[in-house]
Amino acid sequence: MHYFLTDVPERTQKPRDKGFTMAMDKGLSVRQAEDFVNVCGEYVDIVKLGWATSYVTPNLDAKLNVYREAGIPFYFGGTLFEAFIVRDQFDDYRKVLDKYEMPFAEVSDGSIELDHDKKCEYITKLSEQVTVLSEVGSKDAEKIIPPYKWIELMQKELDAGAWKVIGEARESGNVGLFRSTGEVRSGLVQEILTKIPFEKIIWEAPQKAQQVYFIKLMGSNVNLGNIAPEEVIPLETLRLGLRGDTFDHFLGQKG
Amino acid sequence: MHYFLTDVPERTQKPRDKGFTMAMDKGLSVRQAEDFVNVCGEYVDIVKLGWATSYVTPNLDAKLNVYREAGIPFYFGGTLFEAFIVRDQFDDYRKVLDKYEMPFAEVSDGSIELDHDKKCEYITKLSEQVTVLSEVGSKDAEKIIPPYKWIELMQKELDAGAWKVIGEARESGNVGLFRSTGEVRSGLVQEILTKIPFEKIIWEAPQKAQQVYFIKLMGSNVNLGNIAPEEVIPLETLRLGLRGDTFDHFLGQKG
Amino acid sequence: MHYFLTDVPERTQKPRDKGFTMAMDKGLSVRQAEDFVNVCGEYVDIVKLGWATSYVTPNLDAKLNVYREAGIPFYFGGTLFEAFIVRDQFDDYRKVLDKYEMPFAEVSDGSIELDHDKKCEYITKLSEQVTVLSEVGSKDAEKIIPPYKWIELMQKELDAGAWKVIGEARESGNVGLFRSTGEVRSGLVQEILTKIPFEKIIWEAPQKAQQVYFIKLMGSNVNLGNIAPEEVIPLETLRLGLRGDTFDHFLGQKG
């Protein structure tokens with residue numbers, strides 16, 4: 001903060017349990033990762049190496065060191081977990097997590113059919129090794145999960161050992177929590193919030209209108225994910241009521 | 001220019017009064033700002049630090065030095081001015097402008113209600129300290145200002161001391177001058193041009209189709225704003241008739 | 001590859017005749033080009049300097065050296081060829097190709113009317129000097145070329161000396177091969193494939209859904225073009241069935 005403004009909403013500080021921002025790296029170079037942590041390091045709580053991009057990026061070790069030195073934890077996207085599972089290579093996946101000293105891992109079933117008890121077993125097993133984020137919701141726009149089921153799945157995954165659960169949206173923000181147009185399934189979101197504590201959920205919200213929706217509903221310190229690196233600063237201004245979209249919202253609260 | 005082409009439209013040179021490009025920096029790192037001025041320095045007339053992003057970017061001093069050394073002036077987005085005004089901190093804002101030796105400032109009312117005489121007073125006061133850009137148009141898509149009113153507001157703000165007036169569009173290009181689809185309110189634009197000299201207006205036009213519209217209507221040397229850093233080179237080719245969208249337009253004029 | 005997954009589709013290796021990725025540089029800085037080749041060098045077969053952006057970028061020599069040292073060939077976008085042709089400066093264009101030691105050139109008629117025999121003459125002449133890519137399809141969304149005509153044009157251009165032919169889509173992916181919504185003209189694509197060998201065609205496919213369409217239709221090793229630098233890694237995961245969109249497709253083939 002280079003100058004003082006009164007009545008700016010208070011933000012949580014690192015390490016954050018709420019007000020958490022998960023950013024998505026889908027192939028940054030080492031230098032781009034350095035630029036990213038230099039500008040956004042204070043605001044980014046965790047970096048996801050999007051889906052299985054880590055399989056093809058040649059700079060994995062060097063880049064993880066950039067995040068490590070910046071004190072920002074990281075994890076492989078859930079699609080990589082699924083790629084190992086569908087090939088019956090779970091033990092190999094555990095070794096990969098060790099090899100790269102990954103502090104977190106995601107357990108998801110966005111692209112595969114996975115019996116839910118089995119999914120919870122994976123969560124339990126992996127949580128002996130790393131901190132687990134589990135994800136609910138399909139990447140298939142046709143698969144609509146009703147709200148009571150989202151709640152049941154989320155609760156079981158938390159019980160199985162997940163640190164937080166993620167609401168699926170993809171990089172594009174048009175499945176899972178959202179309609180194909182990107183519009184929020186707001187009835188779903190609000191019903192989930194009647195049962196699951198809001199700090200236990202990370203809402204994937206890559207589009208600005210989606211971020212605005214969650215901030216207006218739950219305040220500055222909602223947990224948001226799948227934020228593109230260049231959108232972390234803009235998101236932070238939304239959280240603080242310092243962009244047109246949320247400017248009025250927080251002023252109203254001041255009065 | 002690395003090779004010669006005949007009959008390319010003539011562009012104004014810096015310092016430009018018309019043919020002006022205002023680019024938006026919404027959180028570049030120092031290195032990204034260096035890359036930007038290295039490639040685009042010749043074509044960018046002024047950089048806006050988008051809305052209140054400067055409140056959260058940690059590298060403000062170092063980045064302003066990059067622009068300063070490249071001879072490119074800069075200013076804080078109007079939302080920052082409004083954030084100070086709505087908090088009754090106008091004097092603090094003047095001190096911030098001094099502290100960072102800002103050569104320009106924007107006076108706007110896109111997110112707040114501001115009596116127009118009062119807005120003009122701010123323009124007059126700030127123009128004693130810096131060069132003022134004032135902005136007309138709301139960030140609220142619901143607030144439609146009729147054309148005669150746009151003209152009246154623009155003229156009064158110029159009379160109050162604004163160097164140029166900006167037509168509002170936001171980063172996304174879907175309010176103010178544009179419909180929610182991004183389509184130009186062309187009747188509005190053309191009516192404005194019957195009364196306000198075209199070099200006194202900077203049209204925010206973040207989308208390519210919007211840039212093409214203004215270039216076709218007013219020629220290569222129209223003033224355009226809210227250009228993303230990576231779109232400055234593409235915009236320059238549009239101005240020169242060297243991209244498909246305006247290729248024919250300038251050829252027609254040659255004949 | 002930092003870890004081993006079984007049953008990943010096999011990709012061709014450089015120098016590729018198929019499975020070719022053409023990326024579009026529309027104004028990268030030298031440092032951005034370095035970052036790009038560091039991360040994507042293995043996957044990018046050729047770089048197009050988009051349309052006539054090379055006319056305005058100040059760093060042309062230095063940037064071409066980055067690509068040269070990375071062993072990645074490059075060429076000027078077809079619009080630059082057309083800008084020379086429409087000005088009756090073909091000889092000048094040949095000199096520019098020599099001056100910059102361009103290994104490839106594109107012959108297109110996306111923005112100009114060009115008699116097809118004349119276009120083929122240009123292909124033949126330039127192929128004495130460089131490797132020629134020729135492009136079929138208009139940048140004008142109103143100009144619909146029927147499938148039999150696409151085939152005839154492509155065949156004649158290959159016969160005239162083009163190494164491969166490119167199906168037009170622009171940077172945005174909404175003309176030529178695609179409807180204005182970005183949807184693939186799939187009847188057109190499939191009819192072309194009955195007559196022209198698939199390795200002779202580079203399909204411009206800037207949008208993810210378009211890339212997915214071609215990969216599902218023709219496999220991992222389809223030739224794709226107009227890929228934005230930051231989408232090269234994501235595209236590579238699509239080719240390997242390691243992203244949600246193509247995850248199932250390749251698994252099905254395993255079984």
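Before reading on, note that the structure itself is shown above.
Cut-offs applied
- Residues numbered from 1 in each chain as written.
- Chains lettered and ligands numbered in written order.
- Predicted model: local features only at pLDDT ≥ 70, side-chain atom pairs only at ≥ 80, totals over all residues.
- Heavy atoms only, no water.
- Helix = DSSP H or I, 4+ residues; strand = E, 2+ residues; numbered from the N terminus.
- Buried < 20%, exposed > 50% of the residue type's maximum accessible area, 1.4 Å probe, protein only.
- Contact = heavy atoms within 4.5 Å.
- Areas by Shrake-Rupley, 256 points an atom, 1.4 Å probe, with all protein chains shown as cover.
- Lys, Arg positive; Asp, Glu negative; His and termini not counted.
- Charge placed at Lys NZ, Arg CZ, Asp CG, Glu CD.
- Least-squares fit on C-alpha atoms with pLDDT ≥ 70 in both.
- Buried area = accessible area lost by both parts, 1.4 Å probe.
- Salt bridge = Lys/Arg side-chain N within 4 Å of Asp/Glu carboxyl O.
- Nonpolar A, V, L, I, M, F, W, Y, C, P; charged D, E, K, R; others polar.
- Axes fitted to C-alpha atoms, helices over the stretch in contact; angles between N-to-C directions.
- Left-handed = near helix turned anticlockwise from the far one by under 90°.
- 1 Å grid on protein atoms, 1.4 Å probe; cavity = no way out; pocket = protein on both sides within 12 Å on 5 of 7 lines; lining within 4 Å.
- Points joined across faces, edges and corners; volume = space filled by probe spheres on them.
- Pairing = 2+ DSSP bridges.
- Right-handed = clockwise from strand over helix to strand, strands pointing away.

Asker: Explain the overall build of chain A here, please?
Answerer: Scanning chain A for helices and strands turns up 10 helices and 8 strands. Overall, the C-alpha framework of chain A stretches about 55 × 45 × 30 Å when taken along its three principal axes. The buried share of chain A, reckoned over its 255 residues, is 62%. Look at the contacts in chain A between residues 6 or more apart in sequence, and 72% of them connect residues 24 or more apart. For chain A, the exposed area adds up to about 9400 Å²; of that, 48% sits on carbon and sulfur atoms. Measuring between centres, the 31 positive side-chain charges of chain A sit 1 Å from its 40 negative side-chain charges.

Asker: Explanation requested: the relation of the copies chain C and chain A in the structure shown.
Answerer: The second copy of the chain is related to the first by a rotation about an axis and a shift along the axis. Of the transformation placing chain C onto chain A, the axial shift is 0.0 Å and the rotation is 120°, giving an RMSD of 0.0 Å. The symmetry that links the two subunits is that of a three-fold axis.

Asker: Just checking my understanding: could you explain the interface of chain B and chain A for this structure?
Answerer: Interfaces are often sized by the accessible area lost when the parts come together. If you look at the interface, chain B gives 32 residues, while chain A gives 30 residues. On the chain B side of the interface with chain A, the three residues burying the most area are B:Tyr55, B:Val56 and B:Arg87, jointly 29% of the side's total. The shortest N-O distance in the salt bridge between A:Arg243 and B:Glu171 comes to 2.6 Å. When residues of the side of chain B that touches chain A are traced back to their parent elements, those giving at least two are helix 1 (30-40), helix 3 (78-86) and helix 4 (90-99) of chain B.

Asker: Where do I start with the interface of chain C and chain A in this structure?
Answerer: Contact with chain C, which involves 30 residues of that partner, is made by 32 residues of chain A. Summed over both partners, the interface of chain C with chain A buries about 2800 Å², with 58% contributed by carbon and sulfur atoms. When residues of chain C are sorted by the area they lose upon contact with chain A, C:His2, C:Tyr3 and C:Phe247 head the list and together hold 28% of the total. Inspection of the region where chain C meets chain A yields 5 salt bridges. C:Asp245 is paired through a salt bridge with A:Arg170; the nearest N and O atoms lie 2.7 Å apart. Among the secondary structure elements, those contributing two or more residues to the side of chain C that touches chain A are helix 1 (30-40), helix 9 (232-239) and helix 10 (244-254) of chain C. For the side of chain C that touches chain A, the element with the highest residue contribution is helix 10 of chain C, accounting for 6 residues. Partitioning the side of chain C that touches chain A into residue classes produces 13 nonpolar, 5 polar and 12 charged.

Asker: What should I look at first to understand the packing of helix 4 (residues 90-99) of chain A against helix 5 (residues 116-126) of chain A in this one?
Answerer: Packed helices, taken two at a time, are described by their axes: the angle between them and the distance between them. Residues and elements named next belong to chain A. Relative orientation of the contacting elements helix 4 and helix 5 amounts to 35°, with a least axis distance of 12 Å. At the point where helix 4 passes helix 5, the crossing takes the right-handed sense. Contacts between helix 4 and helix 5 involve Phe90, Tyr93, Arg94 and Leu97 from the former and Tyr122, Lys125 and Leu126 from the latter. Partitioning the contact of helix 4 with helix 5 into residue classes produces 5 nonpolar, no polar and 2 charged.

Asker: Looking at this structure, how should I read the relation of the copies chain B and chain A?
Answerer: Of the two same-sequence chains, chain B is brought onto chain A (RMSD 0.0 Å, axial shift 0.0 Å) by a rotation of 120°. Looking at the interface residues of chain B, only 3% of them are also at the interface in chain A, so each copy uses its own face.

Asker: Would you explain the layout of surface pockets in this entry?
Answerer: Any empty space left between the atoms is revealed when a probe the size of a water molecule rolls over them. Within this model, the second largest pocket holds a volume of roughly 750 Å³. In terms of lining residues, the second largest pocket is bounded by 33 residues, among which B:Gly110, B:Ser138, B:Lys139, B:Asp140 and B:Lys143 are the most central. Taken together, the elements giving at least two residues each to the lining of the second largest pocket come down to helix 8 (208-218) and helix 10 (244-254) of chain A together with helix 5 (116-126) and helix 6 (147-160) of chain B. A total of 6 residues in the lining of the second largest pocket trace back to one element, the largest contributor, which is helix 10 of chain A. Of the residues in the lining of the second largest pocket, the class split is 9 nonpolar, 11 polar and 13 charged.

Asker: Before we go on, may I ask you to explain helix 8 (residues 208-218) of chain C in this structure?
Answerer: An α-helix turns once per 3.6 residues; consequently, residues spaced three or four apart project the same way. Three or more residues of helix 8 of chain C are buried, namely C:Gln210, C:Gln211, C:Val212, C:Tyr213, C:Phe214, C:Ile215 and C:Met218. A positive backbone phi angle near 95° is found at C:Gly219, which sits one or two residues after helix 8 of chain C.

Asker: What's the story with the sheet that holds strand 7 (residues 201-204) of chain A in this structure? I'm lost.
Answerer: All names here are of chain A. Sheet architecture is open: 8 strands sit in the order 3-2-1-8-7-6-5-4, paired in parallel fashion. Edge positions in the sheet fall to strand 3 (74-76) and strand 4 (104-107), since each of these pairs with one other strand and no more. Along the sheet, successive strands turn relative to each other by an average axial angle of 25°, direction set aside. Packing of helix 9 (residues 232-239) onto the sheet brings it into contact with strand 1 (21-25) and strand 8 (224-227), and relative to strand 8 it is tilted by some 150°.

Asker: Help me out: how do you make sense of the pairing of strand 2 (residues 46-49) of chain C in this one?
Answerer: Side-chain direction in a regular strand flips from residue to residue, so the side chains alternate between the two faces of the sheet. Residues and elements named next belong to chain C. Of the two faces of strand 2, the one holding Ile46 and Lys48 and the one holding Val47 and Leu49 are both buried throughout. In the sheet, strand 1 (residues 21-25) pairs with strand 2 via 4 bridges, with the strands oriented parallel. If you follow Asp25 over to strand 2, its bridge partner there is Leu49. Crossover handedness for the path strand 1 to helix 1 to strand 2: right-handed. Where strand 2 meets strand 3 (residues 74-76), 3 bridges bridge the pair, whose relative direction is parallel. When the sheet's bridge partners are listed, Lys48 is paired in strand 3 with Tyr75. In terms of handedness, the path from strand 2 via helix 2 (residues 60-69) over to strand 3 forms a crossover that is right-handed.

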